[in-house]
Structure formats: C-alpha cells, structure tokens
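Structural characterization, general
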Amino acid sequence: MIKAILIFNNHGKPRLSKFYEHYSEDTEQQIIRETFHLVSKRDENVCNFLEGGMLIGGSENKLIYRHYATLYFVFCVDSSESELGILDLIQVFVETLDKCFENVCELDLIFHVDKVHNILAEMVMGGMVLETNMNEIITQVDAQNKMEKSETFIFQSPRQDR
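In every chain, residue numbers begin from 1 and rise along the written sequence. In keeping with the model being predicted, local features are shown solely for residues with a pLDDT of at least 70 and side-chain atom pairs are shown and tallied solely at 80 or more, while totals for entire chains, interfaces and linings include all residues. Note: side-chain values were computed over all heavy atoms of the structure, leaving out hydrogens and water.

Naming follows an unreviewed UniProt entry, where the protein appears as AP complex subunit sigma of Salmo salar.

Written as structure tokens, this is what we have:
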C-alpha cells in the first residue's frame, strides 16, 4: 500500500503532499523534512529505493523516488509494493503531467495544484493503485476538464427568463 506521495524541489519546498494515513500536520511536515534529507543527500548514481524514515515507519516501509530536473517525486510504500512497479508508476505520473501541462515544470505544480491532485486521484486512491494506463488517465482528466468548462459556461451565461 502507498502511505504517502511527496513532491518537493531541490531546496526541500513541498510542491505536493498526499498522505494516505492520518498524521498531524506537524508530523506530516517532519516526514517531508526527513524524507527530503534522506533522498537529497544520495548520489545520482545510486539505487532509487531506500528504507523509510523513522517517522513514516522505518524499515517496514520503503521510499521509492525519481529526481527529474528540479523536482523529487517520492512514494512512501509498505513492503507489499513492488519497487519496480512504483518506479513505473512515478514514470507514468510524470509523463501524464507532461502531456497535460505540455512540458511540466515546478510552476505548473504550484499554480495548478487542483489539476495535479485530480490526475493523482485518477491513478491512486486510498493508497491503492487504480490506473497505470496514461491514455486512460488523460481521457478521464480531459472529460473532467470539459465538464468543468461546461459548468462554468452555464453559471456565467445570462438568464434568458428576464
């Protein structure tokens, strides 16, 4: 099961955090700091799996991450998850973001956080992987965007009965 999904930049600023277990806000912030410290101090040429920090469950859990440009994508998972499967999920997530935002960058995550959460919700819910097919994810996100635009149009149109 996926315990948390974290995205932070090279300076440790969180750009997305999604926890699938309840933690206090202070504990979540400590987990983000500890995770950044564990991941950022590793060399680029080492394995992308490591034991979870003490706050997220220690050796019972794993941190699986990828570093793209200025962003770290980190999935905190328990021992039942496949490391290679999660690495592939991170790749699908990043490629989906890239297609939806046309060359995704850190600013897209900041200014379109709701859309990023919607994309993530199409892939993972309650800590369980729902969908890994990028085309299916994009189809669902596009349908959701069309629905939002039609609702906006309905609410902005002048009333005809006056």
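**So, the environment of isoleucine 31**
Rules: Secondary structure counts use DSSP, requiring at least four H or I residues in a row for a helix and at least two E residues in a row for a strand, with both numbered from the N terminus.
Inspection of the secondary structure puts isoleucine 31 in helix H1 (residues 25-40). On a C-alpha basis, the gap between isoleucine 31 and leucine 6 in space is 9.7 Å, while along the polypeptide they are 25 residues apart.

**Considerations on the state of the cysteines**
The test is simple: Only a pair of cysteine sulfur atoms within 2.5 Å qualifies as a disulfide here.
Taken as a whole, this structure holds zero disulfides when the rule is applied. Among the cysteines around cysteine 100, which has no disulfide bond, cysteine 105 carries the closest sulfur, lying 14 Å off.

**Let's talk about unusual backbone geometry**
Threshold: Working definition: with a 1.4 Å probe on protein chains only, accessible area under 20% of the residue-type maximum means buried, over 50% means exposed, and in between means partly exposed.
Its identity as a non-glycine residue notwithstanding, alanine 69 has a phi of 50°, on the positive side. Structurally, alanine 69 is set in the loop between strand E4 (61-68) and strand E5 (71-78). Looking at alanine 69, the relative accessible area reads 69%, which means it is exposed. In this model, asparagine 103 sits at a positive phi of 70°, which is unusual for a non-glycine residue. Relative to the helices and strands, asparagine 103 is located in the loop between helix H2 (83-101) and helix H3 (106-111).

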